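# Summary of structural features
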Amino acid sequence: MRVTSSEKSSDPRRGRGRKSTPNRLEVDSGGGAGLYGAVTPTEPVALSVVVPVYNGADFIAASIREVLAHLAQLPYATELIVVDDGSGDGTSDIVREALRDAPVPAFLLTRERNEGKGAAITAGMQCARGAHRVFLDADLAYPPETIDAIDAALAHADIAVA
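About the criteria used
All residue numbers here refer to positions counted from 1 along the written sequence of the relevant chain. With the structure being a predicted model, the display of local features is reserved for residues of pLDDT at least 70 and the display and counting of side-chain atom pairs for 80 or more, all residues being used for whole-chain, interface and lining totals. Working from all heavy atoms in the structure, the side-chain values ignore hydrogens and water. In this text, helices come from DSSP runs of H or I with a minimum length of four residues, and strands from runs of E with a minimum of two, each type numbered from the N-terminal end. Any residue under 20% of the maximum accessible area for its type is buried, any over 50% is exposed, and the rest in between are partly exposed; the area is computed with a 1.4 Å probe on protein chains only. By definition in these notes, contact holds between two residues if any of their heavy atoms fall within 4.5 Å. Note that accessible areas follow from Shrake-Rupley with a 1.4 Å probe, and for residues the cover is restricted to the protein chains shown. In this analysis, axes come from line fits to C-alpha atoms, helices being fitted only over the stretch in contact, and the angle between any two N-to-C directions falls in the range 0 to 180 degrees. Note on angle classes: values under 35 degrees are labelled roughly parallel, values over 145 roughly antiparallel, values of 65 to 115 roughly perpendicular, and the remainder oblique. Handedness of a crossing follows from how the near helix is turned relative to the far one, being left-handed for an anticlockwise turn of less than a right angle and right-handed for a clockwise one. Each residue receives one of three labels: charged for Asp, Glu, Lys and Arg, nonpolar for Ala, Val, Leu, Ile, Met, Phe, Trp, Tyr, Cys and Pro, and polar for the others, Gly being one of them. To define a nonpolar core, start from buried Ala, Val, Leu, Ile, Met, Phe, Trp, Tyr and Cys residues and group those joined through side-chain atoms within 4.5 Å.

### Concerning the overall build of the protein
For the protein, the helix and strand inventory stands at 4 helices and 6 strands. Beginning at the N terminus, the succession of helices and strands in the protein can be written as β-β-β-α-β-α-β-α-β-α. For the protein, with 162 residues in total, the buried portion stands at 45%. When contacts within the protein are restricted to residue pairs at least 6 apart in sequence, long-range pairs at least 24 apart make up 74% of them. Within the structure as shown, the protein displays about 8400 Å² of accessible surface, and the carbon and sulfur contribution to it stands at 53%.

What follows is the structure, encoded as structure tokens:
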């Protein structure tokens with residue numbers, strides 16, 4: 001089964017009359033444990049991790065593997081949302097392949113054109129289902145282990161910054 005949802009977000013703060021890029025969320029659960037995750041999208045999620053990426057073909061597969069390995073060992077339900085912000089270097093295809101046998105629910109959100117890191121993070125956070133939501137840079141400037149410290153801080157605060 002492949003579910004594709006397209007939506008345009010209209011944020012009045014984006015400027016006079018400027019239309020934002022449509023978002024395309026892909027969920028493909030075909031066979032076995034399911035492409036893009038082993039849990040159905042309706043299960044409650046404790047933690048969502050959003051990874052925005054632009055032209056990251058050279059490194060995104062390794063980053064995704066590292067993040068997924070960390071999320072798989074956590075004792076609560078997690079999900080990964082990778083946001084391709086209009087890459088032109090084949091990043092989306094590499095992400096699809098990297099998510100193929102994800103041990104946790106994982107989604108690819110593609111944007112038609114590059115609107116910047118902030119817009120990509122916002123789009124990912126809007127799709128996230130977790131009670132707590134964290135973003136990591138695609139180059140893993142902060143390792144996935146920092147997720148634990150941020151998640152712990154979110155137990156006592158609305159916002160945490162590493």
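### Some remarks on the packing of helix α1 (residues 60-72) against helix α2 (residues 91-99)
Between α1 and α2, the least distance of the axes is 9 Å, while the angle of their chain directions is 30°. Considering their axes alone, α1 and α2 lie roughly parallel with respect to each other. α1 and α2 meet at a crossing whose hand is right-handed. Contact residues: Ile-60, Ala-61, Ile-64 and Leu-68 in α1; Thr-91, Ile-94, Val-95, Ala-98 and Leu-99 in α2. Looking at the contact of α1 with α2, its residues break down into 8 nonpolar, 1 polar and no charged.

### Section: the nonpolar core
Counting residues in each nonpolar core, the largest one holds 27 residues, and the members touching the most others are Val-49, Ile-64, Leu-71, Leu-80 and Leu-99. For this core, the secondary structure elements donating two or more residues are β3 (47-53), α1, β4 (78-85), α2, β5 (106-111) and α4 (146-154). Ranked by residue count, the leading element in this core is α1, at 6 residues. If we skip the residues at most four places from it in the chain, Leu-80 touches Val-49, Val-51, Ile-64, Val-67, Leu-68, Leu-71, Leu-99, Pro-105, Ala-106 and Phe-107. Grouped together as the second largest cluster of nonpolar side chains are 10 residues, Val-50, Ile-81, Phe-107 and Met-125 included.

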